[in-house]
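Chain residues, written in single-letter form:
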Amino acid sequence: MAEIERMIYMDHAATTAVDRRVLAAMLPYWTDHYGNPSGVYRLAREASRAMEQARETVATILNCKPREIVFTSCGSESDNLALRGVAFAQRARGKGNHLITTPIEHHAVLHTAEELRDRFGFELTLVPVDRYGVVHPDDVARVIRDDTVLISVMYANNEVGTIEPIAEIGAIARERGIPFHTDAVQAGGVLPLNVDDLKVDLLSLSAHKFYGPKGVGLLYVRDGVPLWPMQTGGGHERNRRAGTENVPYIVGLATALKLAYEEAEENNRRIAALRDRLIAGVLDRIPEAHLNGHPLQRLPNNANFTFRYTEGEAILIQLDLLGVAASSGSACSTGAVEPSHVLRAMGVPPEEAFGSLRLTLGRENSEEDVDTVLEVLPPIVERLRAISPLYEARERGSG
Ligand code: PLP
């Protein structure tokens, strides 16, 4: 098949293009209103006003107080600040030493929790998930101890798109008086973020997942939740995160979040219809294809498949040659390709977890894009299976 005339981008869970309206809102804060928001003169006050306006915009969407928002440099930093900040502050108050999270978290949470365990002596419990990647609130309740100082469960999974029962878990955490953090990076701009409805005490977001710039995020911290800063210096962000604030990016984050929610209903409906067309088409055209993640309780833009007897990385390369940008759950670490930790936690055997493909749709995708992928993907999988010794053995009836 000849190369597709234009690129088809289906990796929106990785990042999104900056919305031009967002870029336009950001530009003056580099060149015209460039003051340091900590200054006292007019130029500084303009920058400070824009930043506080951004904080209010975000607070309205999260239904929280503006002072409960800490702007950060990305989702990873927000997750780090939530886990380290609360864990150390709680331990210093004699509250205990035990952390709870799940094995399907993004590495920004998982590796941070593991580091707190391995280098700082915290105890860590990972709550198992079911085969759809769902965390069950009863399972969280079961592992809570008197010395538990923080629970962290993601709102929606970045690989398989499963949406977690955050409000139910939040109710359990609240009853036991334990701070509850959710990594909402994949939910931002798509799912409701009302922190009272969700019953969360801390929530992470990252602007580049909702058509804002890369390199800016936020952490919501409910008033009264103890949090040590992880970056010290000046008293920025109410002593929770030192460093001159990145005003243009903060303006970009708030503008992007506002636009995303103004347009969420229409976008979610349209994108979910494309996703359903894609899922139905793939399962119909490719034998032994399996949809990963929860069939219904999933992000509107996520389709994640495993194709037995193939390797996700090989599919990605073939798709890229044709102009389709997608992703697989496997990660390259220390030079070797590792199967997705999310699929492994869901009980998918390693040899199958290697053959996963994540297609995440976005605002600019069309039905035509979906149909093109449905046309090019089946022959790719077929060709890869044709050269797979395992597939050959199975065809002969001995595999
Ligand atoms: N958490 C989740 C669920 C993510 O999907 C990502 C990014 O892919 C992050 C955290 C990290 O965000 P950032 O890229 O802004 O550091």
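See above for the structure.
A. Here's a closer look at the site of the ligand. Of all residues adjacent to the ligand, which total 13 residues, the nearest are Ser76, Asp183, Gln186, Ser206 and Lys209. Within the backbone of Gly75, one N or O atom sits 2.8 Å away from an oxygen atom of the ligand. Here an oxygen atom of the ligand and a side-chain polar atom of Lys209 are 2.6 Å apart. Here the ligand loses 87% of its free accessible area of 390 Å² to cover by the protein chains.

B. Expanded view of the nonpolar core. Core analysis: the largest hydrophobic core is formed by 57 residues, its most contacted members being Leu62, Ile151, Tyr155 and Leu203. Ignoring anything within four residues of it in the chain, the contact list for Tyr155 reads Thr162, Ile163, Glu164, Ile166, Thr182, Asp183, Ala184, Ala187, Leu191, Pro192, Leu193 and Leu198. If you look at the next biggest cluster of nonpolar residues, it comprises 29 residues, including Val282, Phe307, Leu316 and Leu359.

C. Focus on the packing of helix α11 (residues 264–285) against helix α15 (residues 367–386). Look at α11 against α15: their axes get within 10 Å of each other, and the N-to-C directions meet at 20°. Between α11 and α15, the angle falls in the class roughly parallel. Considering only the axes of α11 and α15, their crossing is right-handed. Residues Leu274, Arg277, Leu278, Gly281, Val282 and Arg285 of α11 form the contact with α15, whose participating residues are Glu367, Val370, Asp371, Val373, Leu374, Glu375, Leu377 and Pro378. Taken together, the residues of the contact of α11 with α15 sort by class into eight nonpolar, one polar and five charged.

D. A look at the pairing of strand β4 (residues 123–126). Relative to β4, strand β3 (residues 98–101) is paired through four bridges, and the arrangement is parallel. The partner of Leu99 across the bridge, within β4, is Leu124. Once the chain exits β3 it traverses helix α5 (residues 107–120) before rejoining the sheet at β4, and the crossover so formed is right-handed.

E. Molecular detail of empty space enclosed by the protein. This structure, assessed with the given rule, holds two cavities of 30 Å³ or more. Approximately 270 Å³ is the volume attributed to the largest cavity. Among the elements that take part in the lining of the largest cavity, α11 stands out by supplying four residues, more than any other. Of the residues assigned to the lining of the largest cavity, the class counts are 11 nonpolar, nine polar and two charged. For the lining of the largest cavity, the two domains that each supply at least three residues are domain 1 (8–16 + 264–398) and domain 2 (20–262). Estimated volume of the second largest cavity: approximately 30 Å³. Considering the residues around the second largest cavity, the lining is formed by Leu83, Leu99, Ile100, Thr101, Ala113, Leu124, Leu150 and Ser152. Of all the elements, β3 adds the most residues to the lining of the second largest cavity, at three residues.

F. Up close: the sheet that holds β4. The strand order across the open sheet built from seven strands is β2-β8-β7-β6-β5-β3-β4, with neighbouring strands paired in mixed fashion. With partners counted over all chains shown, the strands left at the sheet margins are β2 (69–72) and β4, one partner each. The average undirected angle you get between the axes of adjacent strands in this sheet is 20°. Here strand β5 (residues 148–152) runs beside strand β6 (residues 180–183); their pairing, made up of two bridges, is parallel. Bridge assignment links Ile151 to a residue of β6, and that residue is Phe180. The strands that helix α3 (residues 42–62) touches are β2, β7 (202–206) and β8 (217–221); relative to β2, the one it contacts most, it runs at about 120°. Sheet strands in contact with α5 are β3, β4, β5 and β6, and its direction is about 145° off that of β4.

G. Structural view of the packing of aromatic side chains. A complete count under the given rule lists five aromatic pairs for this structure. A centroid spacing of 5.7 Å and a plane angle of 70° characterise the contact between Phe88 and Phe122, whose relative ring orientation is edge-to-face. Here Phe122 lies in the loop between α5 and β4 and Phe88 lies in helix α4 (residues 75–92), a separation of 34 residues in the sequence. Note on Phe88: relative accessible area 14%, which makes it buried. Between the aromatic rings of Phe88 and Trp228, the centroid separation amounts to 6.3 Å while the plane-to-plane angle is 15°, which identifies the pairing as stacked. Of this pair, Phe88 sits in helix α4 while Trp228 sits in the loop between β8 and α9 (236–239), placing them 140 residues apart in sequence. A relative accessible area of 42% means that Trp228 is categorised as partly exposed. Put simply, the rings of Phe88, Phe120, Phe122 and Trp228 touch in pairs and so form one group of aromatic residues. Its guanidinium or amino end placed over the ring of Phe122, Arg91 lies 4.0 Å from that ring's centre, counting from NZ or CZ. The positively charged end of Arg363 is found above the aromatic ring belonging to Tyr211, 3.7 Å away from the centroid.

About the criteria used
- Residues numbered from 1 in each chain as written.
- Predicted model: local features only at pLDDT ≥ 70, side-chain atom pairs only at ≥ 80, totals over all residues.
- Heavy atoms only, no water.
- Near = heavy atom within 4 Å.
- Polar contact = N/O pair within 3.5 Å; in protein donor to acceptor, adjacent residues only side chain to side chain.
- Areas by Shrake-Rupley, 256 points an atom, 1.4 Å probe, with all protein chains shown as cover.
- Core = buried A, V, L, I, M, F, W, Y, C linked by side-chain atoms within 4.5 Å.
- Buried < 20%, exposed > 50% of the residue type's maximum accessible area, 1.4 Å probe, protein only.
- Contact = heavy atoms within 4.5 Å.
- Axes fitted to C-alpha atoms, helices over the stretch in contact; angles between N-to-C directions.
- Helix = DSSP H or I, 4+ residues; strand = E, 2+ residues; numbered from the N terminus.
- Parallel < 35°, antiparallel > 145°, perpendicular 65-115°, else oblique.
- Left-handed = near helix turned anticlockwise from the far one by under 90°.
- Nonpolar A, V, L, I, M, F, W, Y, C, P; charged D, E, K, R; others polar.
- Pairing = 2+ DSSP bridges.
- Right-handed = clockwise from strand over helix to strand, strands pointing away.
- 1 Å grid on protein atoms, 1.4 Å probe; cavity = no way out; pocket = protein on both sides within 12 Å on 5 of 7 lines; lining within 4 Å.
- Points joined across faces, edges and corners; volume = space filled by probe spheres on them.
- Domains from an automatic or database assignment.
- Phe/Tyr/Trp six-rings, centres within 6.5 Å; stacked < 30°, edge-to-face > 60°.
- Lys NZ or Arg CZ within 6 Å of the ring centre and 35° of its normal.

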